[in-house]
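Chain by chain, the residues:
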Amino acid sequence: MRFDERKYKIQEEAKLLVPPPRSEAVTAIAKVFAALADRRAACLAALPETPPVPELDFDPARFEEGAPLLASVDPVCFREDFTAAAGCLLPGMAELFPAVAGEISALAEAISGNPAVAEACLAALWADGEEAQALWAHVGRLCGETGDMAAVAAFAAGEAMKVCLTRMASLLAGQVQKESWFRGYCPICGSYPDAGCLLPKEPEHSDYLISKSGQLHLHCARCGHVWRHVRLKCPACETTDHEKFVSLIANDRDDERVYTCSECGIFFPCVDLTGGRQDIRLDTVALDLMHLEFVAAERGFKPLVVQAWNTFA
């Protein structure tokens, strides 16, 4: 199945200017999670020198149909990397999140002392829905069931897994055939993006993928891979109705926006880098634009990727 460019001719996006509701609380939350991103990056160096070599069994036909590269991988292959990442990252997480420091420390001790806990975490991270909830409950029991152990374990283990997948994404990026992947989820791990960015236009054989504002690229929330996507097309429901895909832009920064889709009700942040801006890290873009995410949430939209900090209770 080939990508049909004719279906996705780009129209200029609808924009809605909103007040910039920055606050000390938003800044404090962003600061903590930015520090967590820094610690994840530092822990890459703590991984074993030899990365895992998963049996990919790459099938070009399945990839064309939408199967990510790691779709059929046995997560147990990450056990050594995951154990090392957890040993490096979790002590620092306990410092950053003192309210659940006991649970995070209990998880770190359990993973380092019992390979079965690491394998149970990996199984839960690869599962969805009720199956994942049941597996996290099992992890909680293995760790002593202190406090909200299952929920904290899902959060902390997920952050450690990001370290492992970030390295794996850098090793597999060369296998991704960019011209054949225009889906809203990651071609490597299958996760949705936590942010997008508009980059300057490159030479293009067709004008169907670009607009005057540049080319859209998406940043995977889990492995950090960046891939090209169609403007304007919702990464969740794939609608290309520009009237349903609107960007919220603060009236003091027109290069920062949060896209909202009224077809499926999601939002995700995006930053415009076509003007040469270089003070942005893609792994923290969503934190930088959290003030706009609050506006989107107040309007009834839900985050495309659920994070510990964007589920506004």
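Residues numbered from 1 in each chain as written. Predicted model: local features only at pLDDT ≥ 70, side-chain atom pairs only at ≥ 80, totals over all residues. Heavy atoms only, no water.

With that settled, consider the overall build of the protein. Each helix and strand counted, the protein has nine helices and eight strands in total. Relative to its full complement of 313 residues, the protein shows a buried share of 52%. Of the roughly 14600 Å² of accessible surface on the protein, 51% is carried by carbon and sulfur atoms. (Helix = DSSP H or I, 4+ residues; strand = E, 2+ residues; numbered from the N terminus. Buried < 20%, exposed > 50% of the residue type's maximum accessible area, 1.4 Å probe, protein only. Areas by Shrake-Rupley, 256 points an atom, 1.4 Å probe, with all protein chains shown as cover.)

Here we come to helix H7 (residues 149–172). With 24 residues, H7 should reach 34 Å at 1.5 Å per residue; the first-to-last C-alpha distance of 33 Å fits that figure. Within H7, 18 of the 24 residues are buried, which leaves the element mostly enclosed by the surrounding structure. (Expected span 1.5 Å × (residues − 1).)

As a further point, take the state of the cysteines. Disulfide: a covalent bond connecting the sulfur atoms of a pair of cysteines. Within this structure, the stated rule accounts for one disulfide. The partner cysteine of Cys43 in its disulfide is Cys88, sulfur to sulfur 2.2 Å. Looking along the S-S bond of the Cys43-Cys88 disulfide, the torsion reads about -85°, which is the left-handed sense. With Cys43 in helix H1 (residues 24–43) and Cys88 in helix H3 (residues 79–96), this residue pair connects regions lying 45 residues apart in the sequence. (Disulfide = S-S within 2.5 Å.)

As a further point, take the pattern of salt bridges. Inspection of the entire model under this criterion finds 13 salt bridges. Across the pair Arg253 and Asp255 runs a salt bridge whose closest N-O atoms are separated by 3.1 Å. Owing to a relative accessible area of 28%, Arg253 belongs among the partly exposed residues under this scheme. In this structure, Arg277 and Asp255 form a salt bridge, with 3.1 Å as the shortest nitrogen-oxygen distance. (Salt bridge = Lys/Arg side-chain N within 4 Å of Asp/Glu carboxyl O.)

It is worth spelling out the side chain of Arg222 at this point. Turning to its location among the elements, Arg222 is positioned in the loop between strand S3 (215–220) and strand S4 (226–229). Although Arg222 lies buried, it forms no salt bridge, and the closest oppositely charged side chain, Asp128, sits 7.2 Å away as judged by the N-O distance. With near-sequence residues (within four places) excluded, Arg222 lies in contact with Leu125, Trp126, Met161, Lys162, Leu165, Thr166, Cys189 and Ser191. (Lys, Arg positive; Asp, Glu negative; His and termini not counted. Contact = heavy atoms within 4.5 Å.)

For the structure on display, the rule yields eleven aromatic pairs. Relative to Phe155, the ring of Phe97 lies with its centre 5.3 Å away and its plane at 85°, an arrangement referred to as edge-to-face. Placement of Phe97 in the loop between H3 and helix H4 (101–113) and of Phe155 in helix H7 is noted, with a sequence separation of 58 residues between them. In this pair, the class of Phe97 matches that of Phe155, namely buried. Measuring from centroid to centroid gives 6.3 Å for Tyr185 and Tyr192, while their planes differ by 80°, and the two rings are edge-to-face. (Phe/Tyr/Trp six-rings, centres within 6.5 Å; stacked < 30°, edge-to-face > 60°.)

Attention shifts here to the pairing of strand S6 (residues 256–261). When a strand is regular, its side chains alternate between the sheet's two faces. Burial analysis of S6 places six of its six residues in the buried class, the great majority of the element. Of the two faces of S6, the one holding Glu256, Val258 and Thr260 and the one holding Arg257, Tyr259 and Cys261 are both buried throughout. Linkage of strand S5 (residues 245–250) to S6, two consecutive antiparallel strands, is achieved through a turn of five residues. The sheet contact formed by S6 and strand S7 (residues 266–272) spans five bridges and is antiparallel. Paired with Val258 across the two strands is Pro269, which belongs to S7. Here S6 folds back onto S7, and the loop between the two strands holds four residues, one of which, Gly265, carries a positive phi near 85°. (Pairing = 2+ DSSP bridges.)

This brings us to the confidence of the model for the protein. Summary statistics for the protein give a mean pLDDT of 86 and a share of 88% for residues scoring 70 or more. At the level of individual helices and strands, the protein shows its lowest average pLDDT in strand S1 (residues 14–18), which scores 71, and its highest in H3, which scores 97. Confidence drops under a pLDDT of 50 for residues 1–11, and excluding neighbours within four residues, the segment shows 31 contacts in the predicted structure. (pLDDT = per-residue confidence, 0-100.)

Attention now goes to the nonpolar core. Membership of the largest hydrophobic core comes to 81 residues, with the highest contact counts inside it found for Phe82, Leu90 and Leu107. Per-element tally for this core: the top contributor is H7, with 14 residues. By size, the runner-up hydrophobic cluster in this structure holds nine residues, among which are Phe267, Leu292, Val295 and Phe301. (Core = buried A, V, L, I, M, F, W, Y, C linked by side-chain atoms within 4.5 Å.)

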